Amino acid sequence: MNHHVKPPVDPALLEHRNLRAGEFWRAVPAYEHVDEKTFLDHIWQGRKSVKTPEELFETIGGIVDPTFLEDAKEGFRRAPMAVRVSPYMIASIDWTQPYEDPIRRQFIPVASKLLPDHPRLTLDSLHEQDDAPVQGLTHRYVDKALFLPLQTCPVYCRFCTRSYAIGPDTESVDKASVAKTPDMWKDAFAYIASRPEIEDIVISGGDTYQLAAKNITLIGESLLAIPHVRRMRFATKGPAVMPMKILTDHAWTDALTGVVEHGRKLGKDVVLHTHFNTPNEITEITKQAMDLLFARGITVRNQSVLIRGVNDDVHRMTLLVKRLSWINVHPYYVYMHDLVKGVEEMRTRVQTSIDLEKAVRGTTAGFNTPLFICDAPGGGGKRDIHSFDYYDRENGIVVYSAPSVKPGQSFLYFDPIDTLAPDAQARWAVPALQEEMIREAVARAGGKVAALA
Ligand SMILES: *Cc1c(COP(=O)(O)O)cnc(C)c1O
Ligand code: SF4
């Protein structure tokens with residue numbers, strides 16, 4: 001026998017192919033009598049989404065510990081982000097372990113787990129509004145722009161970067177305005193047409209799942225008509241949280257296909273960007289939806305957020321990457337969790353991302369290996385996680401620079417304080433020491449921070 005031959009594969013290594021199938025939703029009391037046709041109906045999914053503690057109680061009251069429900073009720077009250085969870089997501093949560101479940105953590109807040117915000121946290125930490133020449137358009141990088149045509153999503157993620165703007169106002173946040181009507185979009189199109197350097201448009205939101213088919217066509221065709229626009233991405237969380245829409249909302253899927261095909265005729269690249277965070281979000285329904293897009297020649301890429309207790313361990317991150325590859329979705333980015341209000345318990349250290357990158361690389365094709373990045377707070381843009389100028393691991397201060405975006409400035413990311421050693425935590429409790437630690441880190445990085453007081 002040739003000693004170079006690999007030993008037989010452990011079946012556990014093929015776990016990424018075991019997708020949840022069958023009528024799994026019937027385990028949820030409220031969906032016990034829901035047949036497949038109804039469950040796959042995107043209108044039913046939207047209508048039955050859980051938005052209040054009362055609806056949560058009606059849906060899963062029979063199978064979950066009452067203390068959890070009380071905790072969630074208080075969590076809803078304190079959350080900066082509105083709650084909206086699709087039945088598909090509700091049915092994908094393991095309600096016997098609601099505290100640990102990675103899908104529950106993303107969408108349903110519980111008061112007992114909340115931590116104080118980091119002292120350096122500000123609303124709109126990415127300064128998207130500072131780089132907005134017209135309402136609903138962020139132009140930060142020279143050749144690409146981010147278009148935010150609407151403010152709603154099929155679900156609301158607790159950790160949303162744009163919690164300053166997305167979703168209805170909540171008890172703790174009045175939302176900023178993004179462009180919301182076809183009339184307001186005209187200003188964004190006119191700006192893009194006036195800037196010949198822009199080749200690439202990200203259409204996000206909110207979420208393009210919420211755009212009516214006719215508006216997918218309107219936006220797509222308006223942008224395709226601008227000669228210098230060569231690339232477009234429609235961004236949506238939809239495939240992760242409501243994949244059935246692709247199968248049953250024929251008008252929406254056909255409108256997207258129409259823009260992709262017209263783009264192809266014009267020699268322009270139109271793709272879909274989505275946002276899966278855990279392997280548990282990917283079921284047989286997802287695979288059917290992605291197979292349909294693949295058959296139509298639509299490229300799908302994925303952008304995950306690294307979240308504590310959700311995907312911050314090697315097993316789950318590797319499984320996610322391999323499962324995405326299995327359904328022909330390219331893992332593109334894994335973002336550091338932004339410094340967002342009210343979700344400090346969801347952030348991880350930068351070191352966690354560095355360690356995960358090392359573990360994931362080599363497990364599958366290089367083109368299916370995501371880039372681990374930090375979108376530098378303060379508007380520095382996306383940076384390779386390893387490319388910091390200095391990392392004070394003791395105090396959790398990471399210094400990046402972005403010579404092609406904002407030359408001469410430094411940008412800071414902060415590890416969550418509760419993950420630091422007790423003496424470092426004590427230093428963060430003293431405002432004067434905070435300034436000193438930050439100045440020291442920036443000086444060691446050899447940089448300067450524009451916004452530092
Ligand atoms: C992320 C982002 C883009 C797209 O960046 P890529 O690295 O090309 O994916 C464009 N504009 C803004 C403001 C962004 O945040
Ligand atoms: S779907 Fe995207 S934009 Fe909407 S709440 Fe989630 S992260 Fe934010």
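Coordinates for the structure precede this section.
Now for a look at the structure at hand. (Residues numbered from 1 in each chain as written. Chains lettered and ligands numbered in written order. Predicted model: local features only at pLDDT ≥ 70, side-chain atom pairs only at ≥ 80, totals over all residues. Heavy atoms only, no water.)

**Some thoughts on the environment of Val300**
Looking at the secondary structure, you find Val300 in strand β6 (residues 300-305). Placed 30 residues apart in sequence, Val300 and Val270 show a C-alpha to C-alpha distance of 9.9 Å. (Helix = DSSP H or I, 4+ residues; strand = E, 2+ residues; numbered from the N terminus.)

**Observations concerning the pairing of strand β11 (residues 397-401)**
For β11, the buried fraction is high: four of the five residues fall into the buried class. Both strand β10 (residues 390-392) and β11 contribute to a ladder of three bridges, which runs antiparallel. Across the sheet, residue Tyr391 finds its bridge partner in β11, namely Val398. Remark: four residues form the turn of the hairpin made by β10 and β11, two consecutive strands paired antiparallel; Gly396 in that turn has positive phi of roughly 70 degrees. (Buried < 20%, exposed > 50% of the residue type's maximum accessible area, 1.4 Å probe, protein only. Pairing = 2+ DSSP bridges.)

**Describing the nonpolar core**
In this structure, Leu56, Ile90, Ile108, Ile201 and Met232 are the most contacted members of the largest nonpolar core, which totals 116 residues. With near-sequence residues (within four places) excluded, Ile108 lies in contact with Leu56, Ala72, Phe76, Val85, Ile90, Ile93, Trp95 and Arg158. Ranked by size, the runner-up nonpolar core spans six residues in total, among them Met81, Tyr156, Cys160 and Ile166. (Core = buried A, V, L, I, M, F, W, Y, C linked by side-chain atoms within 4.5 Å. Contact = heavy atoms within 4.5 Å.)

**What about the pattern of salt bridges?**
The full count for this structure, using the stated rule, is 26 salt bridges. Across the pair Arg162 and Glu128 runs a salt bridge, and its minimum N-O distance is 2.8 Å. Here the residue Arg162 occupies a position in the loop between β2 (144-147) and α7 (182-194), and Glu128 occupies one in the loop between α6 (102-107) and β1 (137-138), the gap between them amounting to 34 residues. A residue is classified by how much of its surface remains accessible, and Arg162, at 15% relative accessible area, is buried. With a relative accessible area of 6%, Glu128 lands in the buried category. Among the charged side chains, a salt-bridge network with shared partners connects Asp143, Glu199, Asp200, Arg231 and Arg233. (Salt bridge = Lys/Arg side-chain N within 4 Å of Asp/Glu carboxyl O.)

**Some thoughts on α7**
Given a rise of 1.5 Å per residue, 13 residues ought to cover 18 Å, and the 19 Å separating the end C-alpha atoms of α7 matches this to within 8%. For α7, the full list of buried residues reads Trp185, Ala188, Phe189, Tyr191 and Ile192. Projected onto a plane normal to the axis of α7, the buried residues spread over an arc of 160 degrees and lie on a single side. Turned more than 90 degrees away from the buried face of α7, the exposed residues are Asp183 and Lys186. Elements that come into contact with the buried residues of α7 comprise β1, β2, β3 (200-203) and α8 (213-224). (Expected span 1.5 Å × (residues − 1). Arc of directions from axis to C-beta.)

**Some remarks on the sheet that holds β11**
If you walk across this open sheet you meet the three strands as β10-β11-β12, and the pairing is antiparallel. Edge positions in the sheet fall to β10 and β12 (410-414), since each of these pairs with one other strand and no more. Within this sheet the neighbouring strands show an average axis-to-axis angle of 20 degrees, counted without direction. Packing of helix α16 (residues 431-445) onto the sheet brings it into contact with β10, β11 and β12, and relative to β11 it is tilted by some 40 degrees. (Axes fitted to C-alpha atoms, helices over the stretch in contact; angles between N-to-C directions.)

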